[in-house]
Amino acid sequence: MTPSEFKDRLIFGPSPRDSSQYFHSLSQKHSPSSSAAAADTFPDSSPLDPLLPPQQHHGHPLHRSKTAPAMAIIDDLHHPMHQQTELEPSSRSVVRQAFALLVVYLSLGVLIYWLNRDHYVVNQTHPVVDGLYFCIVTMCTIGYGDITPNSVVTKLFSIMFVLVGFGFIDILLSGMVSYVLDLQESYMLDSAKRREEPDKRRSYIIDVKKGRMRIRLKVALALGVVVLCIALGVGIMHFIEKIDWLDSFYLSVMSVTTVGYGDRAFKTLPGRLFAAVWLLVSTLAVARAFLYLAEARVDKRNRERAKRVLCETMSVSQFFAADIDNNGCVSKAEYVIYKLKEMEKITDKDITPISKQFDKLDRCSNGKITLVDLLDSSCGD
């Protein structure tokens, strides 16, 4: 193989059938005999020279290899695909698990309610529906007060149900809501990419650099879901519960915000069935909307800080602060690190473990990671 062919292989990668052959030639310990063979195979101008130790490439200083794509090939040979076996469960499986656990938890609550149904103060419609409605109202921390326990056993059950369910179900259902919103975001991103939209419109909807919807659009969508939930509740309460429009709106808002004064509640069988689903979705939609509002405020503050930091000129004190190695000059890497620290995007706690990892790979302690260092580190592991 000629030196030019070897260079092409190193840049673009070997084929599967001959990858082991090139890896073997690169990872060989450079004994005198192998050095002589390398000298015979490759002339003085060979592209392999930067890969050899200083004493074996004719006095030329060791410099950084420009053939970075080969790193992925060598890493694949050293670290096979079995490293990727520890994959996180997919979003769909998480949603299925969350839904199954929710069904089990609510079923247990309904069963306990049904067994102790005579120990509740309630305007009964159906024991199962009343139990489901009671569990949902308790779990969402609304507390209408239309169903209340009046025995030691039912009060202890209510205490345990709300303590466990408040944190447990909130985590599971938040994951489910996040999954639905992520699907919606992914669909909008794909649709925007497929359509020939004007650049201004796309930049308003999508943050192209970050590959996600802009936070203001997320807030608008979340608030839109909240408004939709409130409107749906108003309609059901007016037509099913036979409540006037003002009281329907009042009860709907008090429900989705988990206030629940207790002066109004669901009393009919269809109304309680609707509330069992509606309360879960609407209360979590409100929580998600407030979360996005907080995220928008934080995002705005971060952007303002980044803009301020980038507009600042470097002072003498900032120069000495950015000079990490105290050598009297600030390199580009040091300048970038300093600015990121000023933007509060990274801290010294983030930099220290990365520096230690770099020192482990830098076998020659020259402040650079060469291909030889990487091969020696991989062989040592």
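As recorded in an unreviewed UniProt entry, the protein goes by the name Potassium channel domain-containing protein, listed as coming from Brassica napus. Recorded in UniProt under Subcellular location (unreviewed entry), the annotation for the protein is "Membrane". Here the protein is described in UniProt, under the heading Sequence similarities (unreviewed entry), as follows: "Belongs to the two pore domain potassium channel (TC 1.A.1.7) family."

*Asks:* So what's going on with the pattern of salt bridges? Which residues, and what values?
*Replies:* If you walk through the whole model with that rule in mind, you get seven salt bridges. Its salt-bridge partner being D299, residue R303 comes within 3.0 Å of it at the nearest N-O pair. Placement of the pair is R303 and D299 together in helix α11 (residues 269-311), with a separation of four residues, close to one helical turn. For D299, a relative accessible area of 16% corresponds to the buried category. Here E344 ties to R305 by a salt bridge, and the two come within 3.5 Å at their closest N and O atoms. Here R305 lies in helix α11 and E344 lies in the loop between α13 (332-342) and α14 (348-361), a separation of 39 residues in the sequence. One network of salt bridges, in which partners are shared, links D130, D146 and R272.

*Asks:* A description of the packing of aromatic side chains should follow, citing residues and the corresponding values.
*Replies:* The final tally for this structure, using the stated rule, is 12 aromatic pairs. Seen in terms of ring centroids, F274 and W278 are 5.5 Å apart; in terms of plane orientation they differ by 20°. Their pairing is stacked. Highlighted residues: F274 and W278, both in helix α11, separated by four residues, approximately one helical turn. Since its relative accessible area comes to 4%, W278 is described here as buried. In textbook terms, an aromatic cluster arises when at least three aromatic residues are bridged by ring pairs, as seen for Y133, Y144, F266, F274 and W278. A cation sits over an aromatic face here: R117 above W114, 4.6 Å from the ring centre.

*Asks:* Outline the UniProt feature "transmembrane region" (unreviewed entry) in the protein, supporting the account with residue identities and numerical values.
*Replies:* As recorded in UniProt, the feature "transmembrane region" (unreviewed entry) lies at residues 94-115, 127-144, 156-181, 219-240 and 273-294. Along residues 127-144 one finds 72% helix and 0% strand; the C-alpha atoms at either end are 18 Å apart.

*Asks:* Please provide a residue-by-residue account of the packing of helix α9 (residues 215-239) against α11, values included.
*Replies:* Two numbers describe how α9 lies on α11: the axes approach to 9 Å, and their chain directions differ by 155°. In this view, α9 runs roughly antiparallel relative to α11, as classed from their interaxial angle. Every pair of crossing elements has a handedness; the one defined by α9 and α11 is left-handed. Here I215, K218, V219, A222, L223, V225, V226, C229, L232, G233, I236 and M237 of α9 come into contact with α11, specifically with F274, W278, V281, S282, A285, V286, A289, Y292, L293, E295, A296 and D299. Tallied by class, the residues present in the contact of α9 with α11 amount to 19 nonpolar, two polar and three charged.

*Asks:* Please give an account of unusual backbone geometry that cites residues and values.
*Replies:* Outside of glycine, negative phi angles account for most residues, and trans bonds account for most peptide bonds. At T141, a residue that is not glycine, the phi angle is positive and equals roughly 60°. T141 sits in the partly exposed class, given a relative accessible area of 35%. Phi angles above zero are rare outside glycine, and K242 is one such case at about 60°. Examined against the element boundaries, K242 turns out to sit in the loop between α9 and α10 (245-256).

*Asks:* Can you break down the nonpolar core residue by residue, with the values?
*Replies:* Grouped together as the largest cluster of nonpolar side chains are 41 residues, with contacts concentrated most on Y133, I136, M139, Y144, F266, W278 and L279. Going through the elements one at a time, α5 (91-115), α6 (127-139), α7 (152-194), α9, α10 and α11 are the ones with two or more residues in this core. Broken down by element, the residue count for this core peaks at 10 residues, all from α11.

*Asks:* If you had to explain the packing of α9 against α10 to someone new, which residues and values would you point to?
*Replies:* Orientation of α9 relative to α10, taken along the N-to-C sense of each, is 130°, at an axis distance of 8 Å. Classified by the interaxial angle, the pair formed by α9 and α10 is oblique. Our pair here, α9 against α10, has a crossing hand that is right-handed. Side by side, α9 and α10 meet where C229, I230, G233, V234, M237, H238 and F239 of the first sit next to W245, S248, F249, L251, S252, V253, S255 and V256 of the second. Partitioned by chemical class, the residues of the contact of α9 with α10 number 10 nonpolar, five polar and no charged.

Calculation rules
Residues numbered from 1 in each chain as written. Predicted model: local features only at pLDDT ≥ 70, side-chain atom pairs only at ≥ 80, totals over all residues. Heavy atoms only, no water. UniProt positions renumbered as here; feature names shortened; annotations may be inferred. Salt bridge = Lys/Arg side-chain N within 4 Å of Asp/Glu carboxyl O. Helix = DSSP H or I, 4+ residues; strand = E, 2+ residues; numbered from the N terminus. Buried < 20%, exposed > 50% of the residue type's maximum accessible area, 1.4 Å probe, protein only. Phe/Tyr/Trp six-rings, centres within 6.5 Å; stacked < 30°, edge-to-face > 60°. Lys NZ or Arg CZ within 6 Å of the ring centre and 35° of its normal. Axes fitted to C-alpha atoms, helices over the stretch in contact; angles between N-to-C directions. Parallel < 35°, antiparallel > 145°, perpendicular 65-115°, else oblique. Left-handed = near helix turned anticlockwise from the far one by under 90°. Contact = heavy atoms within 4.5 Å. Nonpolar A, V, L, I, M, F, W, Y, C, P; charged D, E, K, R; others polar. Core = buried A, V, L, I, M, F, W, Y, C linked by side-chain atoms within 4.5 Å.

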